[in-house]
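Architecture at a glance
Take a look at the letters that make up each chain.
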Amino acid sequence: MAKILCVLYPDPVTGYPPVYARDSIPSLGNYPDGQTLPTPSAIDFTPGHLLGCVSGELGLRTFLEAEGHELIVTSDKDGPDSVFERELPDADVVISQPFWPAYLTAERIAKAPKLKLALTAGIGSDHTDLDAAINAGITVAEVTYCNSISVAEHAVMQILALVRNFLPSHEWVASGGWNIADSVERAYDLEGMDVGVIAAGRIGQAVLRRLAPFGVRLHYFDTRRLPIDIENELGLTFHPDVESLVRSVDIVDIHAPLHPQTYHMFDADLINSMRRGSYIVNTARAEIVVRDEIVKALQSGQLAGYAGDVWYPQPPAVDHPWRTMPHEAMTPHVSGTTLSAQARYAAGTREILEDFFAGNDIRDEYLIVRGGELAGTGAKSYTAGGAASPGSA
Ligand code: NDP
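Criteria and cut-off values
Residues numbered from 1 in each chain as written. Predicted model: local features only at pLDDT ≥ 70, side-chain atom pairs only at ≥ 80, totals over all residues. Heavy atoms only, no water. Salt bridge = Lys/Arg side-chain N within 4 Å of Asp/Glu carboxyl O. Helix = DSSP H or I, 4+ residues; strand = E, 2+ residues; numbered from the N terminus. Buried < 20%, exposed > 50% of the residue type's maximum accessible area, 1.4 Å probe, protein only. UniProt positions renumbered as here; feature names shortened; annotations may be inferred. Contact = heavy atoms within 4.5 Å. Pairing = 2+ DSSP bridges. Right-handed = clockwise from strand over helix to strand, strands pointing away. Phe/Tyr/Trp six-rings, centres within 6.5 Å; stacked < 30°, edge-to-face > 60°. Near = heavy atom within 4 Å. Polar contact = N/O pair within 3.5 Å; in protein donor to acceptor, adjacent residues only side chain to side chain. Areas by Shrake-Rupley, 256 points an atom, 1.4 Å probe, with all protein chains shown as cover. Nonpolar A, V, L, I, M, F, W, Y, C, P; charged D, E, K, R; others polar. 1 Å grid on protein atoms, 1.4 Å probe; cavity = no way out; pocket = protein on both sides within 12 Å on 5 of 7 lines; lining within 4 Å. Points joined across faces, edges and corners; volume = space filled by probe spheres on them.

With respect to the pattern of salt bridges
Evaluated as defined, the whole model comprises 21 salt bridges. A salt bridge links Arg285 to Asp126; the shortest N-O distance between them is 3.0 Å. A residue pair is termed long-range when its members are at least 10 positions apart, and Arg285 in the loop between strand E10 (278–282) and helix H12 (291–300) and Asp126 in the loop between strand E4 (117–120) and helix H4 (130–136) qualify at 159 residues. Note that Asp292 and Arg291 form a salt bridge whose closest N and O atoms lie 2.8 Å from each other. Among the residues examined, Arg291 registers a relative accessible area of 38% and is labelled partly exposed. Within this structure, Asp194, Arg217, Asp250 and Arg275 form a network of salt bridges that share partners.

Shown next, in the form of structure tokens:
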């Protein structure tokens, strides 16, 4: 019997379950690259229901308890008196989500001698100290591709929201106004602009594909160049470094993992080398940018807008400057946890648990760390030795 400690975001303040806006979600085939969707032996939840919060329990309780395991679900994750710290010392498995990350620091890992699996119900395992997990022989896994398209849609929405000045215009009508000049004094068409994507992986490529019909000029920077047929199909201009990319575009959209090469990539020098009035959309990780340099650049007009859904820490303090800086279109960390995405990552979490308990191999594409080294997707996305330490999310 194993003890599974699962950290999920709190229930809606209006109560659980909510009244659902729709009765179902579309059922999808494979992911765009052909990878199959999660294949657990069964599910005990209704796709389209709220599974990512405490009462949703990722739909795992029936399955885990039937197998004789103990499931503890909490949202109380920070500080020495939290439920998470209290329950961690004899946990075999920790499940967490990037949206409400239980930071699995080296200190916490040292306090969890039984821990064998750190599972991200989503994508992005930088809330786990991967070096510490490597040293402790802990397997780290995540549900690769489960919410990549969800994030890509959010990024496209935030690009449009900034360029079209959507939120201020909405606020005028919601507050009883009809202030057309006030609404449009910062509104532009996306058409004809240069858009640059940093990291053309699963999410970055999905954004490029979705933006191509807008009549924009598309640019990208990645450590690895895309096949020439994709570049030609989408009309992409490749840049060999981020400096070249940001000087050449009006909008920068970030989709790189957080690791030493991307930590604080957007500092004052890089931001000041951008075209005046550029926009940045960042749904990757907050610490890829320097928090206060974003605020300064929005105040000075060097940036025309900043949007994203990733903050540090999470949840951010009430007085976090990104809540009140000008020309922002921020959301909480929601892009990858739509009801549609939740059905996929809840099923993927169950698939990984089923394999783990049966002693079967976890799918290679779900693996980040295994057997004391980076593995699977982790070997491609992260670097050992000061790799991802809990921080951003
Ligand atoms: P992928 O692994 O598919 O793609 C990442 C891409 O980044 C790869 O092409 C990789 O290239 C490239 N890359 C790595 N390092 C650099 C670098 N220094 N500069 C430029 N490119 C680099 O990941 P996803 O597209 O699925 O996800 C990207 C990130 O988005 C995740 O790491 C996660 O942090 C974030 N995310 C956010 C979510 C949210 O809810 N907001 C949800 C899901 C993910 P190579 O293959 O050569 O290593």
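Once you've had a look at it, read on.
Observations regarding the UniProt feature "binding site: substrate" (unreviewed entry) in the protein chain
The UniProt record annotates "binding site: substrate" (unreviewed entry) at Ile123 and Asn147. For the residues just named, distributed over 25 residues, the greatest C-alpha separation is only 7.3 Å, placing them together at one site. Tracing the sequence through the fold places Ile123 in the loop between E4 and H4. Apart from residues no more than four positions distant in its own chain, Ile123 is found in contact with Pro98, Glu142, Val143, Thr144, Tyr145, Cys146, Asn147, Ser148 and Arg285. One can find Asn147 in the loop between strand E5 (139–142) and helix H5 (148–163).

With respect to the pairing of strand E6 (residues 194–198)
Burial analysis of E6 places 5 of its 5 residues in the buried class, the great majority of the element. What you see with E6 is no split at all: Asp194, Gly196 and Ile198 on one side and Val195 and Val197 on the other are buried throughout. Bridge analysis of E6 against strand E7 (residues 217–221) gives 5 bridges, and the strand direction is parallel. Note that in E7 the partner of Asp194 across the bridge is Arg217. On the question of chirality, the crossover connecting E6 to the parallel E7 by way of helix H8 (residues 202–211) is right-handed. Taken together, the 4 bridges between E6 and strand E9 (residues 251–254) define a ladder with parallel strand orientation.

Examining the packing of aromatic side chains
Within the structure shown, the criterion is met by 7 aromatic pairs. Relative to Trp322, the ring of Tyr306 has its centre 5.0 Å away and its plane inclined at 50 degrees; by these criteria the two rings are tilted. Here Tyr306 is found in strand E11 (residues 303–308), whereas its partner Trp322 is found in the loop between E11 and helix H13 (339–358), with 16 residues between them in sequence. Of the residues examined, Tyr306 reaches a relative accessible area of 0% and is grouped as buried. Overall, the relative accessible area of 1% leaves Trp322 in the buried class. Their ring planes at 50 degrees and their centres at 6.0 Å tell us that Trp311 and Trp322 sit as a pair that is tilted. Taken together, the positions of Trp311 in the loop between E11 and H13 and Trp322 in the loop between E11 and H13 put the pair 11 residues apart, joining distant regions of the chain.

Considering the site of the ligand
Taken together, 29 residues surround the ligand, and among them Arg202, Ile203, Asp222, Arg224 and Thr283 come closest. Contacts to the ligand include His259, whose side-chain N or O atom sits 3.0 Å from a nitrogen atom. Interatomic distance of 2.9 Å between a backbone N/O atom of Thr283 and a nitrogen atom of the ligand. Summarising the interface, the protein chains cover 91% of the accessible area of the ligand, which totals 930 Å² for the free molecule. Classifying every residue of the shell around the ligand gives 10 nonpolar, 13 polar and 6 charged.

Quick look at the layout of surface pockets
When its volume is computed, the second largest pocket comes out at roughly 600 Å³. Taken together, 30 residues line the second largest pocket, and the ones lying closest to its centre are Pro26, Thr338, Leu339, Ser340 and Arg344. Of all the secondary structure elements, the ones that give two or more residues to the lining of the second largest pocket are H5 and H13. Looking at the lining of the second largest pocket, the element that brings in the most residues is H5, giving 5 residues. Partitioning the lining of the second largest pocket into residue classes produces 14 nonpolar, 12 polar and 4 charged.

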